[in-house]
Protein chains: 2
Amino acid sequence: MLKISTRCRYGLLAMVELGQCYGQAPVSAQEIFKKQHIPKLYLQQLLVKLRRNGLVESIRGAKGGFILRKDPKQIKILDIVKAVEGPVQLISCTKQNKDKCCSKIKECLTRPVWVELHEVVNKVLNERTLYDLMR
Amino acid sequence: MLKISTRCRYGLLAMVELGQCYGQAPVSAQEIFKKQHIPKLYLQQLLVKLRRNGLVESIRGAKGGFILRKDPKQIKILDIVKAVEGPVQLISCTKQNKDKCCSKIKECLTRPVWVELHEVVNKVLNERTLYDLMR
DNA sequence: TTGATACTTGACAAAAATAGTCATATATAG
DNA sequence: CTATATATGACTATTTTTGTCAAGTATCAA
Ligand code: FES
Ligand code: FES
């Protein structure tokens, strides 16, 4: 059904929250969790992924929390999605990996639609930045 | 990860096969299954869905099989995807159903990206027809 | 120094969706 | 009559998604 996963939605929600406080004090998982009603421990996980992918910085201890490592204008939505979910691949048959999908990729008549979808989705995610979502 | 399901891929593969033989004798599940290496019983299921949604007609008995009910030019890829998978909804918060997604849809800052993705995906699937995929 | 706050890590578990199968029945050509 | 084909609904297995847990580390502030 091509549904956007909660991982993605929560991840982006968290990033928007951090974006709103960019330049200010760190925001704790606690605060995001309360404001957005995201399961706390699940959110923690996502924040760790965002950190490991260099999108946020974590500050431990009391008064700690998370802050963005870059200006929201520099953060593409695609970066966020990739961080929490891995690459956005609508089909598994790529130029490198020719034999995963249908029987014979060379002759696969259906592939063009899926490729087009793949490209259009990645394009949108790659063009929009976190800043575009902030008020 | 927004991966295209096998349901979708197999469904479209089957429809393309039927498209190639449009106007000719019915094509049996057997033939499609052999040509495209789709699990036979799974394919049957998908064909039944396509029939129930009015995309194909089934002819029982020996020399039976499936044929398209419309010209490939009249069949949108979106129709096929809808038939085998249901509506393509990237997010669950629609105009009718305002409270399923994030806490407060009115204030949801992340929604615009997901809506844009949703629209762009539906647009592509709605513009392309089965005919566009045939050689 | 001590306690409260907050992130870290890796494993674990429940739930949902996806992918595929089976048995039984029905229909039709030849 | 028989071989070929679809119809149907239930059933199972696998994978992915969506969380949770426990034990640990780091920092601030009183
Ligand atoms: S080969 Fe990948 S969709 Fe057909
Ligand atoms: S309300 Fe649906 S994405 Fe936020």
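Treat the numbers as computed from the prediction; the structure is a model and nothing was measured.

Draft legend 1. Region of interest: unusual backbone geometry. Residue and element names in this part refer to chain A. The backbone of leucine 2 shows a phi angle near 60°, a positive value even though the residue is not glycine. The backbone of histidine 37 sits at a positive phi, close to 55°, despite the residue not being glycine. Counting through the fold element by element, histidine 37 comes out in the loop between helix H2 (29-36) and helix H3 (40-52).

Draft legend 2. Broad picture of the interface of chain B and chain A. Listed per partner, the contact involves 38 residues of chain B and 38 residues of chain A. Between chain B and chain A, a total of about 3,900 Å² is buried, with carbon and sulfur atoms accounting for 71% of that surface. If you sort the residues of chain B by the area they bury against chain A, Met1, Leu109 and Trp114 of chain B come out on top, with a joint share of 19%. Taken together, chain B and chain A are joined by two salt bridges. Where glutamate 116 of chain A meets arginine 128 of chain B, a salt bridge forms, and the shortest distance between an N and an O atom there is 2.7 Å. At the boundary of chain B and chain A, one finds six residue pairs in polar contact (both at pLDDT 80 or more). For the side of chain B that touches chain A, the secondary-structure elements that each account for two or more residues are helix H1 (6-20), helix H2 (29-36), helix H4 (77-85) and helix H5 (111-127) of chain B. Of the residues forming the side of chain B that touches chain A, the biggest block, nine residues, is contributed by H5 of chain B. Among the residues making up the side of chain B that touches chain A, the classes are represented as 25 nonpolar, six polar and seven charged.

Draft legend 3. Region of interest: the protein's contact with DNA strand C. Among the 27 residues in the neighbourhood of DNA strand C, the closest are listed as Arg51, Ser58 and Arg60 of chain A together with Gln45 and Arg60 of chain B. Taking all atoms of DNA strand C within 4 Å of the protein, the share assigned to sugar and phosphate is 76%. For DNA strand C, a phosphate oxygen lies 2.8 Å from a polar atom in the side chain of serine 58 of chain A. Breaking the surface near DNA strand C down by element, the ones donating at least two residues are H3, strand S1 (56-59) and strand S2 (65-68) of chain A together with H1 and helix H3 (40-52) of chain B. Here the element with the most residues in the surface near DNA strand C is H3 of chain A; it accounts for five residues.

Draft legend 4. Spatial organisation of the pattern of salt bridges. Residue and element names in this part refer to chain B. Taken as a whole and judged by the stated rule, the model has eight salt bridges over all chains. A salt bridge links glutamate 17 to lysine 35; its shortest N-O distance comes to 3.4 Å. With a gap of 18 residues between them, glutamate 17 in helix H1 and lysine 35 in helix H2 connect regions that are remote in the sequence. For lysine 35, a relative accessible area of 54% gives the class exposed.

Draft legend 5. Representation of the packing of H1 of chain B against H2 of chain B in the model. All names here are of chain B. Put simply, H1 and H2 touch, their axes get as near as 10 Å, and they point 115° apart. Relative to H2, the element H1 lies roughly perpendicular. Where H1 crosses over H2, the two elements pack in a sense that is right-handed. Of the residues in H2, those touching H1 at Leu13, Ala14, Glu17 and Leu18 are Ile32, Lys35 and Gln36. Class assignment of the residues belonging to the contact of H1 with H2 gives a composition of four nonpolar, one polar and two charged.

Draft legend 6. Spotlight on the relation of the copies chain B and chain A. Note on the copies: chain B fits chain A at an RMSD of 0.0 Å, the axial shift is 0.0 Å, and the rotation between them is 180°. Considering both components of the superposition, the chain copies are consistent with a two-fold axis. No C-alpha of chain B lies nearer the rotation axis than that of leucine 2 of chain B, which sits 2.6 Å from it. Residue by residue, 100% of the interface of chain B is reproduced at the interface of chain A, so both copies engage with the same surface.

Draft legend 7. Seen up close, the packing of aromatic side chains. Residues and elements named next belong to chain A. Counted according to the given criterion, the structure contains two aromatic pairs over all chains. Where tyrosine 10 meets tyrosine 42, the ring centres are 5.9 Å apart and the plane angle is 85°; that geometry is what we call edge-to-face. Of the two residues, tyrosine 10 is situated in helix H1 (residues 6-20) and tyrosine 42 in helix H3; the sequence distance between them amounts to 32 residues. The class for tyrosine 42 is partly exposed, based on a relative accessible area of 28%. When the ring centre of phenylalanine 33 is taken as reference, the NZ or CZ atom of lysine 40 above it lies at 5.9 Å. Sitting above the plane of the tyrosine 131 ring, lysine 73 keeps its charged end 4.6 Å from the centroid.

Definitions and limits used
- Residues numbered from 1 in each chain as written.
- Chains lettered and ligands numbered in written order.
- Predicted model: local features only at pLDDT ≥ 70, side-chain atom pairs only at ≥ 80, totals over all residues.
- Heavy atoms only, no water.
- Helix = DSSP H or I, 4+ residues; strand = E, 2+ residues; numbered from the N terminus.
- Contact = heavy atoms within 4.5 Å.
- Buried area = accessible area lost by both parts, 1.4 Å probe.
- Salt bridge = Lys/Arg side-chain N within 4 Å of Asp/Glu carboxyl O.
- Polar contact = N/O pair within 3.5 Å; in protein donor to acceptor, adjacent residues only side chain to side chain.
- Nonpolar A, V, L, I, M, F, W, Y, C, P; charged D, E, K, R; others polar.
- Near = heavy atom within 4 Å.
- Buried < 20%, exposed > 50% of the residue type's maximum accessible area, 1.4 Å probe, protein only.
- Axes fitted to C-alpha atoms, helices over the stretch in contact; angles between N-to-C directions.
- Parallel < 35°, antiparallel > 145°, perpendicular 65-115°, else oblique.
- Left-handed = near helix turned anticlockwise from the far one by under 90°.
- Least-squares fit on C-alpha atoms with pLDDT ≥ 70 in both.
- Phe/Tyr/Trp six-rings, centres within 6.5 Å; stacked < 30°, edge-to-face > 60°.
- Lys NZ or Arg CZ within 6 Å of the ring centre and 35° of its normal.

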